[in-house]
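# Structural description and commentary
Below are the chains, spelled out letter by letter.
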Amino acid sequence: MNATAATEKPVDDRIVRESGTDARVAAIVAPVLRTVGFRLVRVKLSSQNGLTLQIMAERDDGTMTVEDCEEVSKAVSPVLDVEDPVSQAYNLEISSPGIDRPLVRKSDFEKARGHDAKVETSVLVANRKRFRGKIAEVGADSVTLERSAPAEGEEPMVRVPFETISDARLLLTDDLIREALREDKKARQEEKKRRRGKTKAEIHAEDAEQDS
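Quick summary incoming for the structure in this document. Because the structure is a prediction, the values reported are computed rather than measured.

About the thresholds
Residues numbered from 1 in each chain as written. Predicted model: local features only at pLDDT ≥ 70, side-chain atom pairs only at ≥ 80, totals over all residues. Heavy atoms only, no water. Pairing = 2+ DSSP bridges. Helix = DSSP H or I, 4+ residues; strand = E, 2+ residues; numbered from the N terminus. Axes fitted to C-alpha atoms, helices over the stretch in contact; angles between N-to-C directions. Patch = residues over 30% accessible without salt bridge, like charges linked within 9 Å, V, L, I, M, F, W, Y side chains within 5 Å. Areas by Shrake-Rupley, 256 points an atom, 1.4 Å probe, with all protein chains shown as cover. Salt bridge = Lys/Arg side-chain N within 4 Å of Asp/Glu carboxyl O. Buried < 20%, exposed > 50% of the residue type's maximum accessible area, 1.4 Å probe, protein only. Phe/Tyr/Trp six-rings, centres within 6.5 Å; stacked < 30°, edge-to-face > 60°. Expected span 1.5 Å × (residues − 1). Bend = angle between axes of the 7 residues up to and from the residue. Contact = heavy atoms within 4.5 Å.

Our focus in this paragraph is the sheet that holds strand S8 (residues 165-170). Strand order in the open sheet formed by five strands is S7-S6-S5-S4-S8, with antiparallel pairing between adjacent strands. With one partner strand each, in any of the chains shown, strand S7 (157-161) and S8 form the two edges of the open sheet. The mean angle between the axes of side-by-side strands here comes to 40 degrees, regardless of whether they run parallel or antiparallel. Of the pairings in the sheet, the one linking strand S4 (residues 116-125) to strand S5 (residues 128-138) comprises six bridges and is antiparallel in character. Within S5, the residue paired with valine 119 across the bridge is phenylalanine 131.

Pasting the structure below:
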């Protein structure tokens, strides 16, 4: 294996993935997203507004602006038209993960440590398939939750193997909102510093490119 191949990021490194038509769409768009600097979070085909194909994506740092959504739409639309993985007409929706985001990568769970999450599994784990609790630990192959309301006889902590998880997302709490606001403020400050380091001509050219 050469050095370049060894340092390349995997096209789809998610541990929580889709099935059926959603999985076929994911296989098509994941490599396209990588070529334009984004990574796939989730694909979901729903009956909302007739039939809607939602592609949730983000940059590697977790950000996703309105302009980014437009860029992703322009990148994936032609490929979806050619591959045609959905047999019916549908509306394409590109979105960001949001504050109460799906947790699909190990790094998502690590970043969410200390926050409340809802986790569903495909098989029974500790006699359950649904869990709510605070993310306490993240190991190499599992996440440990501190249950919100353990039933009588249940241990307060439960270890859920990543390979059993069919769906996981953060729960919207005051702590999560406060952290999201702090991160947004920090990102805005960093963007201001970056723009201060540019000349007026460079900023004007950058703004013109975004508007085009």
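On to a nonpolar patch on the surface, then. On the surface, a cluster of nonpolar side chains totalling about 350 Å² of accessible area is made up of Ile99, Leu172, Ile177 and Leu181. Checked against the element boundaries, isoleucine 99 lands in the loop between strand S3 (91-95) and helix H4 (106-111). Note on isoleucine 99: relative accessible area 37%, which makes it partly exposed.

Another aspect to go through is the packing of aromatic side chains. Within the structure shown, the criterion is met by one aromatic pair. Ring plane angle 55 degrees and centroid distance 5.3 Å describe the contact between phenylalanine 109 and phenylalanine 162, whose orientation is recorded as tilted. Highlighted residues: phenylalanine 109 in helix H4 and phenylalanine 162 in the loop between S7 and S8, separated in sequence by 53 residues. Pair check on accessibility: phenylalanine 109 and phenylalanine 162 agree, each one buried.

The subject of this paragraph is helix H3 (residues 66-83). Its 18 residues place the ends of H3 26 Å apart at the C-alpha level, agreeing with the 26 Å of an ideal helix rising 1.5 Å per residue. Within H3, the axis deviates most sharply at valine 76, by approximately 30 degrees, and proline proline 78 lies no more than four positions further along. All of the buried residues along H3 are Asp68, Cys69, Val72, Ala75, Val76 and Leu80. Where the residues of H3 are buried, they touch helix H2 (20-35), strand S2 (52-58) and S3.

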